[in-house]
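# A closer look at the structure
What follows is the residue order along each chain.
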Amino acid sequence: MVEELAPAARSQLAEALSGVGEDRVRRRAIDTVLLAATWLRTRDLDRACAAGRDAVAYAARTGSGRCVERVAGVLAELRVHADCAPARELREFARAVLPEADGMAVKLLGGS
């Protein structure tokens, strides 16, 4: 059911992002995290990780704990794909740019 809704959600998110200025980084971070999650739900790891990278970059420009939490959620979900190069690269990028999100993702999973 969720997979069936993902294309419509992506379309709405793309439209929302196109109407948001580059200066609205908190909004862009949250919408981009949601976009990454829709790609993840349909198992398109390359696109999920590309959107995740954008979300990390936006979130790093904010002081928003909510953005960090949302990014951490996607990073945690991607941990099951740790053997996939795009997922590893995203986690490395997050560690470098937004380490608090990576740390929170680890805590969400209850491990290291």
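Structural data are supplied above this passage.
Let us look at the structure shown here. (Residues numbered from 1 in each chain as written. Predicted model: local features only at pLDDT ≥ 70, side-chain atom pairs only at ≥ 80, totals over all residues. Heavy atoms only, no water.)

Okay, helix α3 (residues 45-60) next. End to end, α3 covers 22 Å across 16 residues, agreeing with the expected 22 Å (1.5 Å per residue, within 8%). Looking at the packing, one finds that the buried side of α3 touches α2 (25-41), α4 (65-78) and α5 (85-97). (Helix = DSSP H or I, 4+ residues; strand = E, 2+ residues; numbered from the N terminus. Expected span 1.5 Å × (residues − 1). Contact = heavy atoms within 4.5 Å.)

A pair can form between side chains of opposite charge whenever their charged atoms are brought close. Applying the stated criterion across every chain yields a total of 5 salt bridges. The shortest N-O distance in the salt bridge between D102 and R91 comes to 2.7 Å. Remark: R91 occurs in helix α5 and D102 occurs in helix α6 (residues 99-109); sequence separation between them is 11 residues. Take D102 and R91: they sit in the same class, and that class is buried. R95 serves as the salt-bridge partner of D102, at 3.4 Å between the closest nitrogen and oxygen. Within the structure, one salt-bridge network assembled from shared partners comprises R91, R95 and D102. (Salt bridge = Lys/Arg side-chain N within 4 Å of Asp/Glu carboxyl O. Buried < 20%, exposed > 50% of the residue type's maximum accessible area, 1.4 Å probe, protein only.)

For the pair α2 and α3, the least separation of the axes is 8 Å and the interaxial angle reads 165°. Put simply, α2 runs roughly antiparallel to α3. In this structure, the crossing between α2 and α3 has a hand that is left-handed. Here V25, R28, A29, T32, V33, L35, A36, W39 and L40 of α2 come into contact with α3, specifically with L45, R47, A48, A51, G52, D54, A55, Y58 and A59. (Axes fitted to C-alpha atoms, helices over the stretch in contact; angles between N-to-C directions. Parallel < 35°, antiparallel > 145°, perpendicular 65-115°, else oblique. Left-handed = near helix turned anticlockwise from the far one by under 90°.)

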